Amino acid sequence: MKIVVGVDLGSTTTKAVLLDEQGRIVGRGITNSRSNYEVACAIARDDALTSARFDLLDRALRDAAADADPADLSQRLHAAFRLELYLDDLGALARRMGEVLDAGGPRATAQVRQGIEQALSEMRERAHATFLGGGGRKSDFFRDLASAAFVAAAEPVAATLGLRFDDLVWAFDRAILDVETELRELAFASLLARAAQRIAGDLETPSLRERLMRVVDEIASLPIVEASFVGTGYGRQTLPFPKAAVRSEILCHGRGAHRLFPGTRTVLDIGGQDTKAIQVDDRGVVTSFQMNDRCAAGCGRYLGYIADELNLGLHELGPLALQSKRAVRINSTCTVFAGAELRERLSLGEDREDILAGLHRAIMLRAMSLLARSGGVRDELTFTGGVCKNGAATKVLRELVDENYGAGITLNAHPDSIYMGALGAALFALDDLDAGRPNLLEVAAPRRAPPAAPANRACAGCS
Amino acid sequence: MKAPLAPAPRDADPARDVLRRAHALLEDHGLANAAAWKRDHPGRLAVGYMPVYAPRPLFEALGCLPVAVFGGGDRDVIRGDSYFQSYICHIPRSTLELGVSGALQGIDAMVFPAICDVIRNLSGMWQMLFPDVYAAYLDVPQNFRPEVGGAFYRAELERIASDLVARGALALDPERLRAAIVTENARRRALLALGDVRREEPWRCPASEAYAITRAGGALLAADHLALLGEYLAAIALRRGSPKDNVRVVLTGAFCEQPPFGLIKSLELAGCDIVDDDLQLGLTYIEGDIDAEAADPLGALVTAFLERGAATASRYIGDAHKGDALLARVRRARADGVVFAAASFCDPALLDEPMLEAAMDEAGVPYTSFKYAENTGQFHVIREQAGAFSDAVRLWESAP
Amino acid sequence: MSELVRVGKSPAAQRAAEAENKDRSQVRQKRMISDHFDKLARAKEDGRKVVYTFVPGNLTELIGAFGMLPVLPEINALQSGMRGRSGAYIAEAERGGHSEDVCSYVKCDLGMLRSGNLGPTGTPLPKPDLLLLSYTGCFTFMKWFEILKAEYDCPVVMLHVPYQATGQVTREMRDYVVRQLEHDVIPAMERVAGKKLDLDELVAQLTRSARAEDAIVDVWESAKARPSPIDAYFGGVYYVGPIFSSFRGSEDAIAYYEELREEVRGRAARGEGPMTPDGPMGEQKWRLVVEGPPNWTSFNDFWRMFAKEGAVVVASTYTRVGGLYDYGFRHDPRDPLGTLADYCLGCYTNHSLPARADLLEKYVREYQADGFVINSVKSCNSFSAGQLLLMRELEKRTGVPGGFIESDLVDPRYFGKANIENRLQSYLQMLEARREGRAPERTALPVALPVLAPGAT
């Protein structure tokens, strides 16, 4: 199969979308962005390739295992695959922690080594339940999974050995950053084979086992050829790609949204670091756009600060805000003062839900101005970016659009719209392929020193 | 204005009714009043004007109702915001929001006095966005020689007058202008009387009330404002109470963008008696009577502007010493200190402020400073700051 | 404006650039500027009076006729920006109580003054004998000199230039300016100079100005050629140096502009483009009109962002702040004071917003631009307030989309390189997509929903 790849390197997550030569979406992947952009891109792409192969696998299983429950089988296989991947990563983590301990000086006592080994072994044992136990996971990103598991395992170990928790965690903290930015090839075929072995024992009949193994072999060895690549994203100016393989995120978001909702004429994208209002024509070509200025007021990051301040998960804010009966009026969406404003409101006795509702409204008011600045809202408005998953934000947007542009506007918000930029990039990659000037994503071995994070600009206040 | 009515001290507060009427005018920027006036005066024009000073007697003499359009307060701003970058002050946003939302449909003309580049450019934006509305930039002279700046200013007034006449205003008649000047002078004296009460018995007249009663005049003919002022002065004379142990401050900010009521109240709650302010400086911009007997009343209006215009950030003061005028206000008000409040991103007020502060330092007058926007919703910090300031002033005064 | 180029480069880089760059006009400009600073350094001992004044609506011929030497605080500020000093100067002014919100030119100048008032040559600038507060197109100038007045013990004289709110200059406006010159400005200058105005000398200055002005218009119009032999914004700020600052009315100015015109004509004849910070410009993919001043703290980076995308600026409004000559105005020696008034009244920022839209529209059409970019600077409300409407209006009138960038004049905190580059590249790619007229999306094909299904991870 020949595919094209689009990658959107965002400030929080990196997304990849694969299209086949006919422009059909065949895979998508996501990972957390990290200090090494190349690795983030490679992992997102690998994740997308995995999803593409699983998609093919699902179809094959529907034919080959129609007598069993193919959906259930596929789900178990997928979970087992994730487990194998996790165990591989855990192996890399253990190796790296060993190196850290070797170089660790006086802190790396025998007792600490023992504690860490016990914790890691505990993590390996619990992994099974995490992936195959049927419970949900908050995140699939290795860093998140491993951090949570290490904390859970290390605390009792520390208590038993009479160590401080900090004695164990420092080596983890160092190693996880290195493991995360290390480029390791995804051995899909062997991971899948191991996953299949793992679940095969539970299968009812030898025939089913045999059919599963055959499908797995077939899919794992199916050649997938990357024919073209385009990258985009927040870190665009430092993207590790040739210039010809880079497209502006504005163009990609506009085009991706239009591809998914062809009636789209206006796109609102609220991401971690910026907000974009984009107008597109009937072909998905951007005709005008506006971005927030250098100040991140009213962007996703603002909600992140609020969540931190309230000690809540980002995903919990929207549902709480929706419980509000009377939104508090808030005029400032300055990230710098977000915490202070919140504390003051709470101290005045305002309800948390009402404050959150007010904050969501303030953010969306700002977005409305940007929309108006870009030329208003026409026909269909497609809301994309991380914030569009927030139900309170979507609700306020609906109200404000109705108030300002009449009730006839279709509002699209897709739960997967964080992939819009990557989808647009993939469409450009397909253009490049058609025009006979494709580029490929070639990831070099990572440099030792990760690039410095962009310097924070001083905030000079805002209106 | 969504600010609550000024709290009446008691149910029987004699000023409650007049305050309610004043607040009602502010709530909708005087637009309902303007609409009613236009119904009663078919064919006549309502002339909107922006801060700081506008020649209201001239508009009245032309048979127009002058309506102060001093921003949209804290209403939600969406489209207005879409025309301005984040580093521009707030008043043009909310004013445009009023315009594009159709709230100003009853306003037949808009006058933009020369006070800063933002308001200046807003005049051009108005011309582009509302081609059917007469939008005039009123360039006021910074040269105060009669034969130089005076001649120019007179030509500006004549130009705007004739443009308004062409749109249905009454012809410029000296008799009507003299009459308008007489009323304007009376209104100014009533405002001075209000100032006297604030200075002598601040407990009778909180600044937030004085502000509402004064600002209501922006929506009224001078004669009607005069009546409102008279009613309020009579009502507060009946109030009973006693002096509070507050510090006396002058609030200054070369105000164009208006601070929210909450801000003024916060200062009062923090223990400050605001005994003088320049919140509505346009209404008392001419210091002293305009000559109502002059054979050439337009010339009298011009002369008053040249010779007796208030020293504020948008006016060039030539060889005069920056801060002298403020110091005189402080002395007259027997104030303990000055509160500087500047609108965020207001170049004139913010650039003036360090010079004024230096003058206060030199004279040993304590002060405190902060920024605001017309839609500021949080006063906690301001209250803290003003509270600390008033405590400090008290300590400083009681020090041996 | 041109001074900065010199000080912006290290001596070695400068020599290298000069060796490569055969433009004799640039060498000449450099010499002119260095002579001027020499004169300023010797002003007190030579007994020459020093006038501080502003670029828009400057009265250089009048100053020249009195034999006085001008110092332009705006240029000092932008030079400080290019030399990487402005951040510290602004911090100094803010420590002194100035707000972060206000014009960074003022704060930079004040900070420089409080840090020893060292000019680009490293020697202190002479104190002013007169603050000539010309007031064209910017209210902040008035505040600026009020602040300087408190710092210097010298007279101030104001020239208030009324705004062209209706898009035209009326007789009353012109009379007002002329009368101020007669009643206030010239008498004040005579008092400082200790002599009467030499009208013949003023006439001679004005005559020379008109010649330089003829030449610069030819330089601007050269950008109508394809490829354009000049960059009318980044290169343009060098070209306006002499005519906006101390040299209009001098023989030096004529020599410079006539030489420049010949060079530009030569490049046009050879089909060559302008120089950029990285050498001669290659393919000119985009012809742009730019509205708004440049950023000075990252001037070369900013220029490169355009140059490396093949974007050449064919007309700009910033290069009209010190005089708008394209549509006929020339200093006219037959009416010395009247022509000074017309000049002051005609500077770009003194035009109403509708008039600015008209001018920009003309530029887009006459210079056959593919697009236009607005660089909106935080400091300058005179330029910036209303630019978003200007953009919409221009898009409507020309059908050409506009790009919008935000930065500042000399406050380095406001140059967000990533943000600006992102916007500019997005804008140019948008132009590209329009130019290519890409084929309609293959939306007829089914979307493979398993991958992008609602409810997935």
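Not measured: the values here are computed from a predicted model. (Residues numbered from 1 in each chain as written. Chains lettered and ligands numbered in written order. Predicted model: local features only at pLDDT ≥ 70, side-chain atom pairs only at ≥ 80, totals over all residues. Heavy atoms only, no water.)

### Digging into the overall build of chain A
Part 1: Along its length, chain A carries 14 helices and nine strands.
Part 2: Relative to a compact globule of 463 residues, whose C-alpha radius of gyration would be 23 Å, chain A shows 24 Å and is just as compact.
Part 3: Out of the 463 residues in chain A, the part that is buried amounts to 58%.
Part 4: Summed over all atoms, the accessible surface of chain A reaches about 18,600 Å², with 51% contributed by carbon and sulfur.
Part 5: Across chain A, the mean location of the 55 positive side-chain charges is 4 Å away from that of the 61 negative side-chain charges. (Helix = DSSP H or I, 4+ residues; strand = E, 2+ residues; numbered from the N terminus. Rg over C-alpha atoms; globule rule 2.2 N^0.38 Å. Buried < 20%, exposed > 50% of the residue type's maximum accessible area, 1.4 Å probe, protein only. Areas by Shrake-Rupley, 256 points an atom, 1.4 Å probe, with all protein chains shown as cover. Lys, Arg positive; Asp, Glu negative; His and termini not counted. Charge placed at Lys NZ, Arg CZ, Asp CG, Glu CD.)

### Observations concerning unusual backbone geometry
Among all residues save glycine, negative phi is the norm, and among peptide bonds the norm is trans.
Residue and element names in this part refer to chain B.
Part 1: Along the chain, Pro51 connects to Val52 via a cis peptide bond; the corresponding omega equals 5°.
Part 2: Note on placement: Val52 falls in the loop between β1 (46–49) and α3 (56–61).
Part 3: Positioned with a positive phi, Ala254 is a non-glycine residue whose angle comes to about 45°.
Part 4: Counting through the fold element by element, Ala254 comes out in the loop between β5 (247–252) and α10 (261–269).

### Topic: a negative patch on the surface
Residue and element names in this part refer to chain C.
Part 1: On the surface, a cluster of negative charge is made up of Asp35, Asp38, Glu251 and Asp252.
Part 2: Elements with a minimum of two residues in the negative patch: α3 (24–46) and α13 (251–270).
Part 3: Within the fold, Glu251 resides in helix α13.
Part 4: Residue Glu251 is classed as exposed on the basis of its relative accessible area, which comes to 52%. (Patch = residues over 30% accessible without salt bridge, like charges linked within 9 Å, V, L, I, M, F, W, Y side chains within 5 Å. Salt bridge = Lys/Arg side-chain N within 4 Å of Asp/Glu carboxyl O.)

### A closer look at the interface of chain C and chain B
Part 1: Counting residues at the interface gives 53 residues for chain C, matched by 51 residues for chain B.
Part 2: The junction of chain C with chain B conceals about 4,500 Å² of combined surface from both sides, 60% of it contributed by carbon and sulfur atoms.
Part 3: In this assembly, chain C and chain B are joined by four salt bridges.
Part 4: Salt-bridge contacts for B:Lys371 lead to C:Asp101; the nearest nitrogen and oxygen are separated by 2.9 Å.
Part 5: Counting every contact that joins chain C to chain B gives 28 residue pairs in polar contact (both at pLDDT 80 or more).
Part 6: Looking at which element gives the most residues to the side of chain C that touches chain B, the answer is helix α9 (residues 171–193) of chain C, with seven residues.
Part 7: Of the residues in the side of chain C that touches chain B, the class split is 24 nonpolar, 17 polar and 12 charged. (Contact = heavy atoms within 4.5 Å. Buried area = accessible area lost by both parts, 1.4 Å probe. Polar contact = N/O pair within 3.5 Å; in protein donor to acceptor, adjacent residues only side chain to side chain. Nonpolar A, V, L, I, M, F, W, Y, C, P; charged D, E, K, R; others polar.)

### What to know about the environment of A:Asp167
All names here are of chain A.
Part 1: Relative to the helices and strands, Asp167 resides in helix α5 (residues 165–180).
Part 2: Owing to a relative accessible area of 18%, Asp167 belongs among the buried residues under this scheme.
Part 3: The spatial distance from the C-alpha of Asp167 to the C-alpha of Ile116 is 9.4 Å, given a sequence separation of 51 residues.

### Considerations on the sheet that holds strand β9 (residues 410–413) of chain A
All names here are of chain A.
Part 1: Spatial strand order, β7-β6-β5-β8-β9: five strands in an open sheet with mixed pairing. Taken across any chain shown, the strands that pair with only one partner, and hence form the sheet edges, are β7 (286–291) and β9. Across this sheet, the average inter-strand angle for adjacent strands is 20°, counted without regard to direction.
Part 2: The pairing of strand β8 (residues 380–384) with β9 spans four bridges and is classified as parallel. Note on β9: the bridge partner recorded for Thr382 is Asn412.
Part 3: Packed onto the sheet, helix α12 (residues 352–374) meets β5 (264–270), β6 (275–280), β7 and β8 and runs at close to 35° relative to β6. (Pairing = 2+ DSSP bridges. Axes fitted to C-alpha atoms, helices over the stretch in contact; angles between N-to-C directions.)

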